[in-house]
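# A structural walkthrough
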Amino acid sequence: MNQKADLGALFGAAADTLTFLGLEECRDLTELAAPIALIGAPCATPYRSVGAYCRNAPDALRRATAAFTANVDRHDFDNGGKVFPEPRLRAVDCGNLPYDEKDGAANRAAIAAAVKMIRARGAVPIVLGGDDSIPIPMLEALGAEEGARYTILQIDAHIDWREVHMDERLGLSSTMRRASEMPHIERIIQVGARGIGSAATSDYEDALAWGVKFVPAHDLHRQGVEAALDLIPEGSRIVICIDADALDPALVPGVIGRAPGGLTYYQLVDLIKGAARRGRIEAMDFVEFMPERDVDGIGALTFARAITTALGVIARQRA
Ligand SMILES: [Mn+2]
């Protein structure tokens with residue numbers, strides 16, 4: 001044997017599977033019939049200094065699930081059964097949106113249009129970034145729905161409350177400030193902040209003045225996930241925004257801003273499951289994974305596993 005033995009070969013996975021978990025593809029959103037739709041958004045509004053540095057994440061996360069494509073209907077201990085308990089609850093993979101690194105407005109329009117279409121088809125959008133500018137058009141798209149008010153559960157090492165950075169107001173350091181300006185966002189809970197990010201103390205104070213409830217990483221470690229979950233009112237419509245750097249860099253080294261003291265995988269899982277007990281998960285994003293900085297695929301594996309768990313949680317909500 002001249003190759004490293006591979007889990008996918010052991011399980012009988014198809015070597016050429018290109019979708020997440022080998023799920024069925026949906027290339028035309030107007031035909032979407034599944035209750036959950038994964039869609040890759042490689043780029044929204046990049047800063048000129050770094051460009052679309054997470055553009056390869058959606059495909060890297062798909063590849064990280066390749067070994068499990070033949071086993072998606074096996075017992076998943078993290079979901080307490082099959083990931084998708086019934087065939088009708090299976091997610092589909094809608095591929096990647098096209099993008100142009102030099103045309104943020106077009107990228108944002110494409111993301112918003114896709115999210116609106118997925119919602120119009122009655123499905124939950126799961127957006128795979130891309131950097132953390134991706135959620136801005138996703139959140140904006142939710143505002144098109146008459147009368148709906150949302151709670152954001154942001155899980156991130158950084159608070160993303162800068163007014164502007166490098167002349168750009170819609171970049172990844174401003175995501176939660178932009179969300180706070182949207183009339184349909186009634187509550188923001190931010191979990192996992194730690195270390196030094198791009199926010200000034202005045203940005204943090206602006207967030208507090210707006211009404212953001214923070215559970216910094218150290219508080220989460222000392223008090224447990226209930227410290228965050230207790231802030232979600234029963235019956236909320238919830239959007240969960242997950243930045244890969246929320247997880248500890250030992251688990252997900254593939255991020256641009258590694259920060260010690262991050263969440264464990266099961267803290268993230270318990271936040272997602274706990275949110276689903278408090279309210280209804282309406283949309284999610286998984287952003288900021290950077291395969292070029294990963295170590296032997298370990299971060300892709302961990303982040304893709306978290307996405308898989310989230311799919312199972314949402315499938316159970318829709319059962
Ligand atoms: Mn972020």
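Rules and cut-offs
Here the residue index of a chain counts from 1 through its sequence in written order. Local features in this predicted model are restricted to residues of pLDDT 70 or higher, and side-chain atom pairs are both shown and tallied only at a pLDDT of 80 or more, whereas totals for entire chains, interfaces and linings draw on every residue. Side-chain metrics rest on all non-hydrogen atoms present in the structure, leaving aside hydrogens and water. The rule for donors is simple: N, O or S, within 2.8 Å of the metal, or within 3.2 Å if the metal is Na, K or Ca. Water isn't counted, so a site may look like it is missing partners. Elements are defined by DSSP. Helices are runs of H or I of four residues or more, strands are runs of E of two residues or more, and each kind is numbered from the N terminus. Under the scheme applied here, a residue whose accessible area is under 20% of the maximum for its type counts as buried, over 50% as exposed, and between as partly exposed, the area being computed with a 1.4 Å probe on protein chains only. In this description, a line fitted to the C-alpha atoms serves as the axis of each element, helices being fitted only across the stretch in contact, and the angle between N-to-C directions of two axes falls anywhere from 0 to 180 degrees. To sort the angles, those under 35 degrees are grouped as roughly parallel, those over 145 as roughly antiparallel, those from 65 to 115 as roughly perpendicular, and the leftovers as oblique. Handedness of each helix crossing follows the sense of rotation of the near helix against the far helix: counterclockwise by less than a right angle gives left-handed, clockwise gives right-handed. Any pair of residues with heavy atoms lying within 4.5 Å of one another is described as a contacting pair. Gly is placed with the polar residues, together with every amino acid not listed as nonpolar (Ala, Val, Leu, Ile, Met, Phe, Trp, Tyr, Cys and Pro) or charged (Asp, Glu, Lys and Arg). Here the rule is simple: two strands pair whenever DSSP picks up at least two bridges between them. Note on aromatic pairs: the rings of Phe, Tyr and Trp (six-membered ring only in Trp) are paired at centre separations within 6.5 Å, and the planes decide the class, stacked below 30 degrees, edge-to-face beyond 60, tilted for the rest. Here, two cysteine sulfur atoms that lie within 2.5 Å of each other are counted as a disulfide. Cavities and pockets are found on a 1 Å grid laid over the protein atoms alone: a cavity is a set of points where a 1.4 Å probe fits but cannot escape, a pocket is an open set with protein on both sides within 12 Å along at least five of seven lines, and a lining residue has an atom within 4 Å of such a point. Grid points are joined across faces, edges and corners, and a volume is the space filled by probe spheres set on the points. Take the buried Ala, Val, Leu, Ile, Met, Phe, Trp, Tyr and Cys residues and link them wherever side-chain atoms come within 4.5 Å; each set so joined is a nonpolar core. Each patch is assembled from residues with relative accessible area greater than 30% and no salt bridge, linking like charges that lie within 9 Å and nonpolar side chains (Val, Leu, Ile, Met, Phe, Trp, Tyr) that lie within 5 Å. Here, Shrake-Rupley sampling with a 1.4 Å probe gives the accessible areas, and only protein chains in the shown set may cover a residue. The salt bridge criterion pairs a side-chain nitrogen of Lys or Arg with a carboxyl oxygen of Asp or Glu, the two atoms within 4 Å. By convention, a crossover is right-handed whenever its connection, traced from the first strand over the helix to the second and viewed with the strands pointing away, goes clockwise.

With that settled, the discussion passes to the coordination of the manganese ion. Around a metal, the ideal angle is 109.5 degrees if four donors adopt a tetrahedral arrangement and 90 or 180 degrees if six donors adopt an octahedral arrangement. Bound to the manganese ion on the protein side are D132 (OD), D156 (OD), D160 (OD) and D243 (OD), at distances that span 2.1 to 2.4 Å. Counting residues between consecutive donors of the manganese ion along the chain gives the motif D-x23-D-x3-D-x82-D. Highlighted residues: D160 in the loop between β4 (150-155) and α5 (175-180) and D243 in strand β7 (residues 236-243), separated in sequence by 83 residues. Comparing D160 with D243 shows no difference in burial state: the two are buried.

We now examine the packing of helix α9 (residues 265-278) against helix α10 (residues 298-317). The interhelical angle for the contact between α9 and α10, taken along N-to-C directions, is 20 degrees, at an axis separation of 10 Å. With respect to their mutual orientation, α9 and α10 come out roughly parallel. Handedness of the α9/α10 crossing: right-handed. Contact residues: α9 offers Y265, L268, V269, I272, K273 and A276, while α10 offers T302, R305, A306, T309, A310, V313 and Q317. Here the residues of the contact of α9 with α10 are counted per class, giving eight nonpolar, three polar and two charged.

Moving on, we get to the sheet that holds strand β5 (residues 185-191). Judged by pairing direction, the sheet is parallel, and its eight strands sit side by side in the order β2-β1-β3-β8-β7-β4-β5-β6 without closing on themselves. Both edges of this open sheet fall to β2 (92-96) and β6 (213-215), since each of them pairs with a single strand only. Each neighbouring strand pair of the sheet contributes to a mean axis angle of 20 degrees, computed without reference to strand direction. Where strand β1 (residues 36-41) lies against β2, three bridges are found, and the strand directions are parallel. For A37, the partnering residue across the bridge sits in β2 and is V92. Together, β4, β5, β7 and β8 (279-287) form the strand contacts of α9, whose direction differs from that of β8 by roughly 150 degrees. Across the sheet, α10 lies against β1, β3 (124-129), β7 and β8, angled at about 160 degrees from β8, the strand it touches most.

Bringing the packing of aromatic side chains into the picture now. According to the stated counting rule, one finds four aromatic pairs in the structure shown. Ring centres of F289 and F303 lie 6.3 Å apart, and the angle between their planes is 35 degrees; this geometry places the pair in the tilted category. With F289 in the loop between β8 and α10 and F303 in helix α10, this pair connects stretches of sequence that are 14 residues apart. This pair shows no difference in class: F289 is buried, exactly as F303 is. Taken together through their ring pairs, the aromatic side chains of F286, F289 and F303 make up a single cluster.

Under the defined criterion, the tally for this structure stands at zero disulfides. C43 provides the cysteine sulfur closest to C54, a residue in no disulfide bond, and the two sulfurs are 9.9 Å apart. Using a relative accessible area of 1% as the deciding quantity, one classes C54 as buried. For C94, which is in no disulfide, the shortest distance to another cysteine sulfur is to C26 and amounts to 4.4 Å.

If you add up the space inside the second largest pocket, you get close to 400 Å³. For the second largest pocket, the lining is made up of 26 residues, of which H158, L172, S173, S198 and I256 are closest to its centre. Looking at side-chain class alone, the lining of the second largest pocket contains 10 nonpolar, eight polar and eight charged residues.

It is worth spelling out the nonpolar core at this point. Of all hydrophobic cores here, the largest spans 58 residues; its most connected members are F84, I126, I155, I240, M284 and L311. Counting residues per element, this core draws most heavily on α10, which supplies 10 residues. Once residues within four sequence positions are removed from consideration, M284 is found in contact with P125, I126, V127, M138, I240, I242, I272, A310 and I314.

Time to look at the side chain of T151. In this structure, T151 sits in strand β4. For T151, a relative accessible area of 0% puts it in the buried group.

Residues L7, L10, F11, F68, V295, I298 and L301 make up a contiguous nonpolar surface patch of about 590 Å² in total accessible area. Elements with a minimum of two residues in the nonpolar patch: α1 (7-11) and α10. Within the secondary structure layout, V295 lies in the loop between β8 and α10.

In the case of a regular strand, side chains alternate between the two sheet surfaces. With six of six residues buried, β4 lies mostly within the body of the structure. Side chains of β4 alternate between two faces, with Y150, I152 and Q154 and T151, L153 and I155 buried alike. Pairing of β4 with β5 involves six bridges; the strand directions are parallel. Note that in β5 the partner of I155 across the bridge is V191. In this region the chain leaves β4, passes through α5 and returns to the parallel neighbour β5; the handedness of that crossover is right-handed. Bridging between β4 and β7 involves five bridges; their strand directions are parallel. By the bridge assignment for β7, I155 is matched with I242.

Note that all results are geometric; they support no functional claim without further evidence.
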